[in-house]
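Observations on chain architecture
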Amino acid sequence: MAFEPPEFPATDQLDRDIAQMLADDARLSFRKIAADLGVTEGTVRGRVKRLQNAGLLKLVPILDIDRANENTTDDHGQHMLFITVKCASGKLDQVRASLLALPQVSALYDANAAPRLVAVCILGSLREAADLTDKVIALDGIREVETELVLQTVKYNAAIAPIATV
């Protein structure tokens with residue numbers, strides 16, 4: 001079974017402008033976006049909802065782990081886990097679909113060393129990280145798994161990681 005990307009509805013310049021504004025600052029209100037683009041707030045709200053429902057727009061918080069954990073003294077903060085998987089021959093599409101089905105996977109990338117995938121996960125506890133690692137290791141089609149838990153943020157710049165894209 002080969003991976004086939006879904007069919008998406010056509011977008012226009014307004015859709016792309018809205019997505020770009022959200023990518024630059026996801027905290028912008030629909031009212032501000034509407035005023036800047038010369039459309040109604042309802043138009044922006046409707047466009048965002050349509051793009052989200054079609055899978056073309058996803059608003060994902062990019063976390064500064066240190067800031068997220070500033071007031072946390074136990075293991076119930078935010079943890080970022082990178083999972084790199086090497087897939088068995090001919091199993092890339094199957095493993096990709098399995099990883100996409102895991103709700104803890106916030107982002108998934110095809111890596112340059114095919115057939116390899118890199119998942120980025122934001123988790124609420126170290127126990128959740130361990131459980132997720134066990135689930136990934138057990139997936140059919142996995143040849144090797146490496147995990148890396150982010151210990152601290154050395155440099156954080158949200159501009160290099162767009163929060164919304166079309």
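Report follows, based on the coordinates. These figures come from a predicted structure and were not determined experimentally.

Thresholds, definitions, all that
- Residues numbered from 1 in each chain as written.
- Predicted model: local features only at pLDDT ≥ 70, side-chain atom pairs only at ≥ 80, totals over all residues.
- Heavy atoms only, no water.
- Helix = DSSP H or I, 4+ residues; strand = E, 2+ residues; numbered from the N terminus.
- Buried < 20%, exposed > 50% of the residue type's maximum accessible area, 1.4 Å probe, protein only.
- Contact = heavy atoms within 4.5 Å.
- Areas by Shrake-Rupley, 256 points an atom, 1.4 Å probe, with all protein chains shown as cover.
- Pairing = 2+ DSSP bridges.
- Axes fitted to C-alpha atoms, helices over the stretch in contact; angles between N-to-C directions.
- Expected span 1.5 Å × (residues − 1).
- Arc of directions from axis to C-beta.
- Polar contact = N/O pair within 3.5 Å; in protein donor to acceptor, adjacent residues only side chain to side chain.
- Core = buried A, V, L, I, M, F, W, Y, C linked by side-chain atoms within 4.5 Å.

1. A look at the overall build of the protein
- In terms of regular secondary structure, the protein is built from six helices and four strands.
- Each helix and strand of the protein, placed in order from N terminus to C terminus, yields the pattern α-α-α-α-β-α-β-β-α-β.
- Among the 166 residues that make up the protein, the fraction classed as buried is 29%.
- Intrachain contacts of the protein at a sequence separation of at least 6 include 68% that bridge at least 24 residues.
- For the protein, the accessible area works out to roughly 10,400 Å², and carbon and sulfur atoms hold 52% of it.

2. Re the sheet that holds strand β2 (residues 105-110)
- Judged by pairing direction, the sheet is antiparallel, and its four strands sit side by side in the order β2-β3-β1-β4 without closing on themselves. Both edges of this open sheet fall to β2 and β4 (142-149), since each of them pairs with a single strand only. With direction set aside, neighbouring strand axes in the sheet form an average angle of 20 degrees.

3. Considerations on helix α6 (residues 126-137)
- Taking 1.5 Å of rise per residue, the twelve residues of α6 would be expected to cover 16 Å, and the 17 Å separating its terminal C-alpha atoms lies within 8% of that figure.
- If you check which residues of α6 are buried, you get Ala129, Leu132, Thr133 and Val136. The arc enclosing the buried residues of α6, seen along the axis, measures out at 105 degrees, which places them on a common side.
- For α6, the capping residue at the N-terminal end is Ser125, with a side-chain oxygen 3.4 Å from the backbone nitrogen of Arg127.

4. Some details on the nonpolar core
- Judged by nonpolar contacts, the single largest core of 17 residues is most densely connected at Ile83, Val85, Val95, Leu99, Cys121, Leu132 and Val136.
- Listed by contribution, the elements that provide at least two residues to this core are β1 (79-87), α5 (92-100), β3 (116-123) and α6.
- Not counting chain neighbours up to four residues away, the residues in contact with Leu99 comprise Val85, Val105, Leu108, Leu117, Val136 and Leu139.
- In this structure, Leu14, Ala19, Ile33 and Leu57 belong to the second largest nonpolar core, which totals twelve residues.

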